[in-house]
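A structural walkthrough
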Amino acid sequence: MKFPIRRLVLLFAVLALVLAAGCGDDDGNGESRAPEVTVEEEVEFPAGSTMAELADAGTIRIGTKFDQPGLGNISLETDEPEGFDVEIGKLIASKLGIDEDDIEFIETISANREAFITGDRVDIVIATYTINDERKQQVDFAGPYYVAGQDLLVREDDDSINGPDDLAGKRVCAVTGSTPIARIRTSYPEAEPVEFETYTECVDQLEAGQIDAVSTDDIILAGYAADPKYEGKFRVVGEVFSTEPYGIGLPKGDTEFRNFLNDVLEDAYEDGTWEEIFDATLGASGETAPEPPPVDRYP
Ligand code: GLU
């Protein structure tokens, strides 16, 4: 059953999220700017619900990546987290009446996302987090709010790798606790997997010539390829070989909270906010916003 958020939220603020500067998304330097969040002024949630607890506390702890350009990344300019996942987090906070300055963004890496949720180190995780049955044994997911696919990043001048079938004997870096490292090990046993804790370490190894490819979601790799720091150094192969639906991780069994998060996503799909967030973050490196995926209100 859909959670009746519209009846519970007193809409003193009209828009949850608007583009800054009269709908423009250009900051004068030709770069897109993140949308500006307008916080719901007055919100009322069922007593005892996670939403009420967070709204009363006036803060939320959000686990995200800190080293994935376009998704969850620490800005060199502001030293603050920025990207698509970060903006989805700000949107959720705004619907709870929480100002973005009162969000605590906490770095989660691929291997510790479930543990940070089950150990109450974060309230939610928005961190390129693939929804799958194994993870659902420990946590629940709202969403998906984006669907990525596993791909490969190689050095620009390396034309020997053009898909996963070219990986025999190649050193392929992926991250501990991620779905891509598991898939390389099980489906491409002739590749030589190299494992690190973060994608930054993999990308640095690729740049240094220590490994032949980095494997993870296409949208993460596109972010590195477009990063001015690595300009002209890498190319994304473009042969996607998995489906990675990104979810918002939350404590298992909190269905009321999951329904709320799904409602926020669906509303953002309908009123165009999701697309604005996409355009201002991932879209800045040339990606076109796809149709947002339907949320999965699994039992
Ligand atoms: N989406 C994949 C996962 O959740 C890969 C990206 C990541 O490691 O965060 O494992």
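Structural notes, computed from the coordinates. Everything numeric here is computed off the predicted structure, so don't read it as measured data. (Residues numbered from 1 in each chain as written. Predicted model: local features only at pLDDT ≥ 70, side-chain atom pairs only at ≥ 80, totals over all residues. Heavy atoms only, no water.)

Bringing the overall build of the protein chain into the picture now. For the protein chain, the helix and strand inventory stands at 10 helices and 17 strands. Looking at the protein chain as a whole, 54% of its 299 residues are labelled buried. Summing over all exposed atoms, the protein chain offers an accessible surface of approximately 13300 Å²; the carbon and sulfur share of this is 45%. (Helix = DSSP H or I, 4+ residues; strand = E, 2+ residues; numbered from the N terminus. Buried < 20%, exposed > 50% of the residue type's maximum accessible area, 1.4 Å probe, protein only. Areas by Shrake-Rupley, 256 points an atom, 1.4 Å probe, with all protein chains shown as cover.)

With 12 residues, helix H3 (residues 84-95) should cover 16 Å at 1.5 Å per step; its first-to-last C-alpha distance of 17 Å lies within 8% of that length. Counting buried positions over the 12 residues of H3 gives 12, a clear majority of the element. If you check which residues of H3 are buried, you get Phe84, Asp85, Val86, Glu87, Ile88, Gly89, Lys90, Leu91, Ile92, Ala93, Ser94 and Lys95. Downstream of H3 by one or two residues, Gly97 has phi in the positive range, about 80 degrees. (Expected span 1.5 Å × (residues − 1).)

The next point concerns the sheet that holds strand S16 (residues 234-236). Read across the sheet, 5 strands follow the order S14-S13-S15-S12-S16 without closing on themselves; strand pairing throughout is mixed. Among the strands making up the open sheet, the edge pair consists of strand S14 (192-196) and S16. Within this sheet the neighbouring strands show an average axis-to-axis angle of 30 degrees, counted without direction. Of the pairings in the sheet, the one linking strand S13 (residues 171-175) to strand S15 (residues 213-217) comprises 2 bridges and is parallel in character. Residue Cys173 lies in a different strand from S15, and its bridge partner there is Val214. Helix H6 (residues 179-187) rests against strand S12 (150-155), S13, S14 and S15 of the sheet, and its axis sits at about 160 degrees to S14. (Pairing = 2+ DSSP bridges. Axes fitted to C-alpha atoms, helices over the stretch in contact; angles between N-to-C directions. Contact = heavy atoms within 4.5 Å.)

Together, Asp79, Glu80, Asp99, Asp101 and Asp102 give the surface a local cluster of negative charge. If you trace the backbone, Asp99 turns up in the loop between H3 and strand S9 (103-107). Its relative accessible area of 33% is what places Asp99 among the partly exposed residues. (Patch = residues over 30% accessible without salt bridge, like charges linked within 9 Å, V, L, I, M, F, W, Y side chains within 5 Å. Salt bridge = Lys/Arg side-chain N within 4 Å of Asp/Glu carboxyl O. Lys, Arg positive; Asp, Glu negative; His and termini not counted. Charge placed at Lys NZ, Arg CZ, Asp CG, Glu CD.)

Attention now moves to the site of the ligand. Close to the ligand lie 17 residues, the nearest being Lys65, Ser110, Thr130, Tyr199 and Asp217. Between Lys65 and the ligand, the recorded distance is 2.6 Å, taken from a side-chain N or O atom to an oxygen atom. Here a nitrogen atom of the ligand and a side-chain polar atom of Thr130 are 2.7 Å apart. Mapped by element, the contributors of at least two residues to the shell around the ligand are H6, S15 and strand S17 (244-251). In the shell around the ligand, the residues fall into 6 nonpolar, 6 polar and 5 charged. (Near = heavy atom within 4 Å. Polar contact = N/O pair within 3.5 Å; in protein donor to acceptor, adjacent residues only side chain to side chain. Nonpolar A, V, L, I, M, F, W, Y, C, P; charged D, E, K, R; others polar.)

A few words on the packing of aromatic side chains. One pass over the full model with this rule turns up 14 aromatic pairs. Between Tyr188 and Phe241, the ring centres sit 5.5 Å apart and the planes meet at 80 degrees, which makes this aromatic pair edge-to-face. With Tyr188 in the loop between H6 and S14 and Phe241 in the loop between S16 and S17, the pair connects residues that are 53 residues apart, well separated along the chain. Of the two residues, Tyr188 and Phe241, both sit in the buried class. Counting every residue linked through ring pairs, the aromatic cluster contains Phe84, Tyr145, Tyr146, Tyr246, Tyr269, Trp274 and Phe278. The residue whose ring lies beneath Arg121 is Phe116, and the NZ or CZ to ring-centre distance is 4.2 Å. Between Lys136 and the ring centre of Tyr298, over which it is positioned, the NZ or CZ distance is 3.9 Å. (Phe/Tyr/Trp six-rings, centres within 6.5 Å; stacked < 30°, edge-to-face > 60°. Lys NZ or Arg CZ within 6 Å of the ring centre and 35° of its normal.)

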